[in-house]
Amino acid sequence: MSWLRRLLGRTAPKSPKPAVPLPVDWQRAVARSVPHYRFLSPDERKRAHDLIERFIAEKEFWGNRDLTVTQHMKLVVAAQACLLILNIPRLGLYPETKEVILYPEDFGLSLDAIGPDGRTYHIDQSRIGEASRRGPVLLAWEHVKQSASDRLDGRNVVFHEFAHALDYLNGEADGAPPLERSNDFTEWSRVMSSELRALRAAASMGRRTLLDPYGAESPAEFFAVATEHFFEDGRRMKRNHPALYAQLRAFYKQETADWAV
Ligand SMILES: [Zn+2]
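Residues numbered from 1 in each chain as written. Predicted model: local features only at pLDDT ≥ 70, side-chain atom pairs only at ≥ 80, totals over all residues. Heavy atoms only, no water.

Engineer: Give me the packing of aromatic side chains: which residues, what numbers.
Structural biologist: A full pass over the atoms with the stated rule returns 17 aromatic pairs. Summarising the aromatic geometry, the rings of Phe251 and Tyr252 are spaced 4.7 Å apart at their centres and angled 65 degrees between planes, so their arrangement reads as edge-to-face. Above the plane of the ring of Phe55 lies Lys59, whose end atom (NZ or CZ) is 5.8 Å from the centre. (Phe/Tyr/Trp six-rings, centres within 6.5 Å; stacked < 30°, edge-to-face > 60°. Lys NZ or Arg CZ within 6 Å of the ring centre and 35° of its normal.)

Laid out in structure tokens, this is it:
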């Protein structure tokens, strides 16, 4: 009775997409471009490939500033985003993120302005990634590529922005994504607050720690930065920040400290 549905302004419910295995050459491209995948078990890799296939089918990708988005670009973004949620199926496939917008490189505002005193001031609000509640995730392709290939530098713009997307799932980004049980929140909050305080104290004295000082900005940035380190350098995080590592392991359900160098 599709004509009747049309008449009533309704559309037929979408049938779920049949599971199509990720083509073998795409699987090879993931293994080549995102070295984190070599540490997954065959079962995890297979589940990750299914998520990647769905991610590419369900999310809209757009290129900005004349960037033509290729299948390879989609694959490299999806492979990193899906790594985060591999073992937390209860959160779905980033249900509030419908679009990914890629820029060739840094985007945002960067300009020289002349002040009333005649001096030239440089205003730099350029960025490499951005996420907002129910909005698109914006990424600079140059940095996506670099993040994927360097597994140990503790920086990964895709992990960072998609950690924000997880954080937004239960309201404003506040550094606490939806935890499994409500009583997990007390311990999460205690550990995150104490680690954030320690990072702020170190940053104010100009002392470097394992964690990027950008995480000292707010609880939301702290969670995103900690996620980057958890997936890039879990072994050192477990050694230097065991309580923080334990909270992230409980949330992501992955043992990244076991990923050999
Ligand atoms: Zn951020």
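Engineer: Help me get a handle on the side chain of Glu161, residues and values and all.
Structural biologist: If you trace the backbone, Glu161 turns up in helix H6 (residues 157-167). Arg127 provides the closest opposite charge to the buried, unpaired Glu161, separated from it by 8.1 Å. Excluding residues within four positions of it along the chain, Glu161 makes contact with Gly129, Glu130, Ala131, Val137, Leu138 and Leu139. (Helix = DSSP H or I, 4+ residues; strand = E, 2+ residues; numbered from the N terminus. Buried < 20%, exposed > 50% of the residue type's maximum accessible area, 1.4 Å probe, protein only. Lys, Arg positive; Asp, Glu negative; His and termini not counted. Salt bridge = Lys/Arg side-chain N within 4 Å of Asp/Glu carboxyl O. Contact = heavy atoms within 4.5 Å.)

Engineer: Let's hear about the packing of helix H7 (residues 184-204) against helix H10 (residues 242-252): which residues, and what values?
Structural biologist: Packed helices, taken two at a time, are described by the angle between their axes plus the distance between the axes. Packing of H7 against H10 leaves a shortest axis separation of 9 Å and a crossing angle of 140 degrees. Relative to H10, H7 is oriented oblique. As H7 runs across H10, the sense of the crossing is left-handed. Touching Glu187, Trp188, Val191, Met192 and Glu195 of H7 are Ala243, Leu244, Gln247, Leu248 and Phe251, all from H10. Each residue belonging to the contact of H7 with H10 can be placed in one class, and the counts come to 7 nonpolar, 1 polar and 2 charged. (Axes fitted to C-alpha atoms, helices over the stretch in contact; angles between N-to-C directions. Parallel < 35°, antiparallel > 145°, perpendicular 65-115°, else oblique. Left-handed = near helix turned anticlockwise from the far one by under 90°. Nonpolar A, V, L, I, M, F, W, Y, C, P; charged D, E, K, R; others polar.)

Engineer: For H10, give the residues involved together with the corresponding values.
Structural biologist: For the α-helix, the turn length of 3.6 residues means that residues three or four positions removed from each other point alike. Residues of H10 that are buried: Leu244, Tyr245, Gln247, Leu248, Phe251 and Tyr252. Looking straight down H10, one finds that the buried residues subtend no more than 160 degrees of arc, so they occupy a single side. Looking at the buried positions of H10, the neighbouring elements they touch are helix H4 (71-84), H6, H7, helix H8 (219-232) and helix H9 (234-240). Lys253 lies just past H10 and shows a positive phi near 55 degrees. (Arc of directions from axis to C-beta.)

Engineer: Mind laying out the environment of Gln146, listing which residues take part and the relevant values?
Structural biologist: One can find Gln146 in helix H5 (residues 141-149). In this structure, the C-alpha to C-alpha distance between Gln146 and Ser33, residues 113 residues apart in sequence, is 9.7 Å.

Engineer: Tell me about the layout of surface pockets, residues and numbers included.
Structural biologist: By volume, the largest pocket amounts to about 550 Å³. Taken together, 23 residues form the lining of the largest pocket, with Ile128, Gly129, His160, Glu161 and Tyr214 sitting closest to its centre. In terms of residue class, the lining of the largest pocket is made up of 8 nonpolar, 7 polar and 8 charged. (1 Å grid on protein atoms, 1.4 Å probe; cavity = no way out; pocket = protein on both sides within 12 Å on 5 of 7 lines; lining within 4 Å. Points joined across faces, edges and corners; volume = space filled by probe spheres on them.)

Engineer: Could you give me a rundown of the coordination of the zinc ion, with the residues and numbers involved?
Structural biologist: Coordination of the zinc ion by the protein involves His160 (NE2), His164 (NE2), Glu221 (OE) and Glu221 (OE), with metal-donor separations of 2.1 to 2.7 Å. Taken together, the 4 donor atoms coordinating the zinc ion and their angles of 53 to 143 degrees define a geometry best described as irregular. Sequence positions of the donors to the zinc ion reduce to the motif H-x3-H-x56-E. In this pair, His160 and His164 both sit in helix H6, 4 residues apart, roughly one turn of the helix. Both residues of the pair, His160 and His164, count as buried. (Donors = N, O, S within 2.8 Å, 3.2 Å for Na, K, Ca; no water. Tetrahedral: all angles 85-135°; square planar, octahedral: opposite > 155°, others 65-115°.)

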